[in-house]
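Here is how the chains run, residue by residue.
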Amino acid sequence: MSLQSLLFTIFAIGAVASAVFTITRKNPVASAMSLVAHFFMLTGLYLTLQAQFVAAVQVVVYAGAIMVLVVFVIMLLNVGREANAEGPKSIRPTLAMLFAGILVVMVSSVIASHPTGRNQLHEKATEIGQTASIGKALFTQYLFPFEAVSLLLLAALIGAVILAKRHVSETQP
Amino acid sequence: MMPTSIPLDYYLILSAVLFVIGVVGVVTRRNAIIIFMSIELMLNAVNLSMVAFSSFLGDVAGQMFVFFIMAVAAAEAAIGLAIVLALFRNKQTVYVDEINLMKW
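Residues numbered from 1 in each chain as written. Chains lettered and ligands numbered in written order. Predicted model: local features only at pLDDT ≥ 70, side-chain atom pairs only at ≥ 80, totals over all residues.

(A) Examining the overall build of chain B more closely. Broken down by element type, chain B carries three helices and zero strands. For chain B, the sequential pattern of α-helices and β-strands runs α-α-α. At 18 Å, chain B has a C-alpha radius of gyration far larger than the 13 Å of a compact globule built from 104 residues. If you line up chain B on its principal axes, its C-alpha atoms span 55 × 25 × 25 Å. Within chain B, counting contacts between residues at least 6 apart in sequence, those at least 24 apart form 46% of the total. (Helix = DSSP H or I, 4+ residues; strand = E, 2+ residues; numbered from the N terminus. Rg over C-alpha atoms; globule rule 2.2 N^0.38 Å. Contact = placed C-beta atoms within 7 Å.)

What follows is the structure, given as structure tokens:
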């Protein structure tokens, strides 16, 4: 077994396990920590694909910024362990998991027949994953989407402030 | 630099499995914050297949899309969590099945 296969196996199993942990834990903080582990596993997978820039951004943006927001909101709302729903237990979650299992088996069986037939990375893969080539494409071919995304982030910033702001009239007794 | 010997299909299967785990999380959980985290799982599954295609086809477009998806996910995190906060302030709960004002 080559080093690449070994790393891929470790990161793939880790990614699936931490994703399952994320959606099964009753405690939201445990879910959030599993999600951080999941992001680090994905970083490893990106590195096996020679995508260094995306791997770095994954750690900084997801494991850093977004998860800090999530943990902060969990702390702010002080949500504890999830209580079981009162009333008769719905059959829908079980059905959902059943159909999801069927879907993943179907998709995997189709893909496992090697429809792409690609077993090697492209020879330019290392060059493409570097910051220089990403930056060059970002400021030439993808300049308009880049500017649009900056506008989107500004709108999100303002929207978040307005949504989360406590109205003055509410604070009066 | 030795090229990897893992087929593209393995990355796609892994991506499909992770996406379905995210969908199951959205459908089965009641806590709005955990539903939000499941959506992040789905976004990351798509990112993985984009990066895999980008590296195997030798095209930078896939990684550009991942960059923009990450920016949109950051915006979504800010707005989504602000909505959860506003919801908690009005209804004192983050469980989505207790927010049934518009349920017929």
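After that view, the rundown keeps rolling.
(B) Representation of the packing of helix 1 (residues 3-24) of chain A against helix 2 (residues 32-57) of chain B in the model. Relative orientation of the contacting elements helix 1 of chain A and helix 2 of chain B amounts to 160°, with a least axis distance of 9 Å. As the angle between them shows, helix 1 of chain A and helix 2 of chain B are arranged roughly antiparallel. Two packed elements cross with a definite hand, and for helix 1 of chain A against helix 2 of chain B that hand is left-handed. Contact residues: helix 1 of chain A offers A:Ala19, A:Thr22 and A:Ile23, while helix 2 of chain B offers B:Ile34, B:Met37, B:Ser38 and B:Leu41. Classifying every residue of the contact of helix 1 of chain A with helix 2 of chain B by side-chain character gives five nonpolar, two polar and no charged. (Axes fitted to C-alpha atoms, helices over the stretch in contact; angles between N-to-C directions. Parallel < 35°, antiparallel > 145°, perpendicular 65-115°, else oblique. Left-handed = near helix turned anticlockwise from the far one by under 90°. Nonpolar A, V, L, I, M, F, W, Y, C, P; charged D, E, K, R; others polar.)

(C) Representation of the nonpolar core in the model. The biggest cluster of nonpolar side chains holds 73 residues, and the ones touching the most others in it are A:Ala15, B:Leu18, B:Ile33, B:Leu48, B:Val51 and B:Ala52. Contact partners of B:Val51, with chain neighbours within four places excluded, come to A:Tyr46, A:Leu49, A:Ala51, A:Val54, B:Gly62, B:Gln63 and B:Val66. (Core = buried A, V, L, I, M, F, W, Y, C linked by C-beta atoms within 7 Å. Buried ≥ 20, exposed ≤ 12 C-beta atoms within 10 Å, placed from the backbone.)

(D) Up close: unusual backbone geometry. The backbone of A:Gln50 shows a phi angle near 65°, a positive value even though the residue is not glycine. Note that A:Gln50 resides in the loop between helix 2 (28-48) and helix 3 (52-77). Unlike most non-glycine residues, B:Gln92 shows phi in positive territory, near 55°. For B:Gln92, the location among the structural elements is in the segment after helix 3 (61-91).

(E) Focus on the confidence of the model for chain A. Here chain A averages 86 in pLDDT, while 91% of its residues score no lower than 70. Per-element confidence in chain A ranges from a low mean pLDDT of 56 for helix 8 (residues 168-171) of chain A to a high of 94 for helix 2 of chain A. (pLDDT = per-residue confidence, 0-100.)

(F) Structural view of the interface of chain A and chain B. Contacts between the two partners involve 72 residues from chain A, matched on the other side by 64 residues from chain B. Elements with a contribution of two residues or more to the side of chain A that touches chain B: helix 1, helix 2, helix 3, helix 4 (92-111), helix 5 (125-129), helix 6 (131-139) and helix 7 (143-164) of chain A.

(G) How the structure looks around the environment of B:Leu14. As for its placement among the helices and strands, B:Leu14 is situated in helix 1 (residues 8-28). Owing to 24 C-beta atoms within 10 Å, B:Leu14 belongs among the buried residues under this scheme. With 90 residues separating them along the chain, B:Leu14 and B:Trp104 place their C-alpha atoms 39 Å apart. Apart from residues lying up to four places away in sequence, B:Leu14 is in contact with A:Ala12, A:Ala15 and B:Leu48.

(H) A look at the packing of helix 1 of chain A against helix 2 of chain A. Residue and element names in this part refer to chain A. Where helix 1 meets helix 2, the closest approach of the two axes is 8 Å, and the angle between their N-to-C directions is 155°. Here helix 1 lies roughly antiparallel to helix 2, going by the angle between them. For the element pair helix 1 and helix 2, the recorded crossing hand is left-handed. Residue-level contacts link Gln4, Leu7, Phe8, Phe11, Gly14, Ala15, Ser18, Ala19, Phe21 and Thr22 of helix 1 to Ser31, Ser34, Leu35, Ala37, His38, Met41, Leu42, Gly44, Leu45 and Thr48 of helix 2. Classifying every residue of the contact of helix 1 with helix 2 gives 11 nonpolar, nine polar and no charged.

(I) Helix 1 of chain B, seen in detail. Helix length check: helix 1 of chain B (21 residues) gives 31 Å between terminal C-alpha atoms against 30 Å at 1.5 Å per residue, within 8%. With 17 of 21 residues buried, helix 1 of chain B lies mostly within the body of the structure. (Expected span 1.5 Å × (residues − 1).)

(J) Structural context of the confidence of the model for chain B. Looking at chain B, the pLDDT average stands at 88 and 96% of residues meet or exceed 70. Averaged over each element, pLDDT in chain B is lowest for helix 1 of chain B (89) and highest for helix 2 of chain B (93).

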